[in-house]
Amino acid sequence: MIRQTAVGLAIGSVIFASGLASEPLPSHSSTQIGTHKHKSLSLSSQEHSYNNFNLSVLEKSVFQKINQYRASKGLPTLKLDNKISQQARIHSQNMAKWKVPFSHSGFEKRVKAIPLTYTSAAENLAFNQGYDDPAVEAMDGWIKSPSHLKNIVGNYDLTGIGVAVNDDGEVYLTQIFLRSY
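Please read these numbers as outputs of a predicted model, since none were measured by experiment. What you see as residue numbers is a count from 1 along each chain, following the sequence as written. With pLDDT at 70 or above as the cut-off, local features in this predicted model cover only qualifying residues; side-chain atom pairs require 80 or more to be listed or tallied, and sums for whole chains, interfaces and linings still use all residues. Water and hydrogen atoms play no part in the side-chain values, which are based on all heavy atoms of the structure.

### Structural notes on the pattern of salt bridges
Pairing between side chains of opposite charge can happen when their charged atoms approach one another. The term salt bridge refers to a side-chain nitrogen of Lys or Arg lying within 4 Å of a carboxyl oxygen of Asp or Glu. Under the definition given, this model contains 2 salt bridges. In this structure, the salt-bridge partner of Glu59 is Arg89, at a minimum N-O distance of 2.8 Å. Taken together, the residues span a long stretch of sequence, with Glu59 in helix α1 (residues 55-72) and Arg89 in helix α2 (residues 82-96) at a distance of 30 residues. Whether a residue is buried, partly exposed or exposed follows from its accessible area with a 1.4 Å probe, protein chains only, as a fraction of its type maximum: under 20%, in between, or over 50%, in that order. By relative accessible area, which is 8% here, Glu59 ends up buried. Between Arg110 and Glu123 there is a salt bridge, with the nearest N and O atoms lying 2.9 Å from each other. Of this pair, Arg110 sits in helix α3 (residues 107-112) while Glu123 sits in strand β7 (residues 118-128), and the two are 13 residues apart along the sequence. Take Arg110 and Glu123: they sit in the same class, and that class is buried. Helix numbers and strand numbers start at the N terminus; a helix is a DSSP run of H or I with at least 4 residues, a strand a run of E with at least 2.

Below, the structure written as structure tokens:
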């Protein structure tokens, strides 16, 4: 199945919202990628596995893969920040619960809620379902996408990653990048 959207391409059951970057956070538009019917939903805590995924392990895996890629390009590694991850996790959970569309909508609000001083920010999103390693699928897609890759190799020093999985096994990944002062 191939789904095409205004901001991304889905192959199989992987969807990527185009990477969003800002310097220093101008107005931006978001794009909604479909809607979901309301369903009963429970999300796991970060310490438990759900639908065979341990969310903490997935988040750490994305972080390690991003830093491995940056190091392979001679770039400094990013520092994982729990405050940033908390906002990324909330956004992934809200998308998984279908409270918000799969989009960058609310990006400025998410970034402003992070109690850090920064000069620029960016965000990558991914959604996938049916893969053994959602982190690998997200990373592969981000690397192949010019707008996502721009964020991955951007002049950032901090990052946060949040992953959520719903009852249907849909995996939502949010990564926020910041350049601190």
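### Let's talk about unusual backbone geometry
The phi dihedral of Trp98 falls on the positive side, at around 60°, and the residue is not glycine. Structurally, Trp98 can be placed in the loop between α2 and α3. Residue classification places Trp98 among the buried positions, given a relative accessible area of 15%.

### Comments concerning the nonpolar core
Note on terminology: a nonpolar core comprises buried Ala, Val, Leu, Ile, Met, Phe, Trp, Tyr and Cys residues joined through side-chain atoms within 4.5 Å. Judged by nonpolar contacts, the single largest core of 22 residues is most densely connected at Val62, Ile66, Trp142, Ile152, Val163 and Leu173. Of all the elements in the fold, those that place two or more residues in this core are α1, β7, α4 (134-144), β8 (158-165) and β9 (171-180). For this core, the element with the most residues is α1, which contributes 6 residues. Whether two residues touch is decided by their heavy atoms; if any such pair falls within 4.5 Å, the residues are in contact. Residue contacts for Ile66: discarding those within four places in its chain leaves Leu78, Met139, Trp142, Ile152 and Gln175. By size, the runner-up hydrophobic cluster in this structure holds 10 residues, among which are Ala121, Leu158, Ile176 and Leu178.

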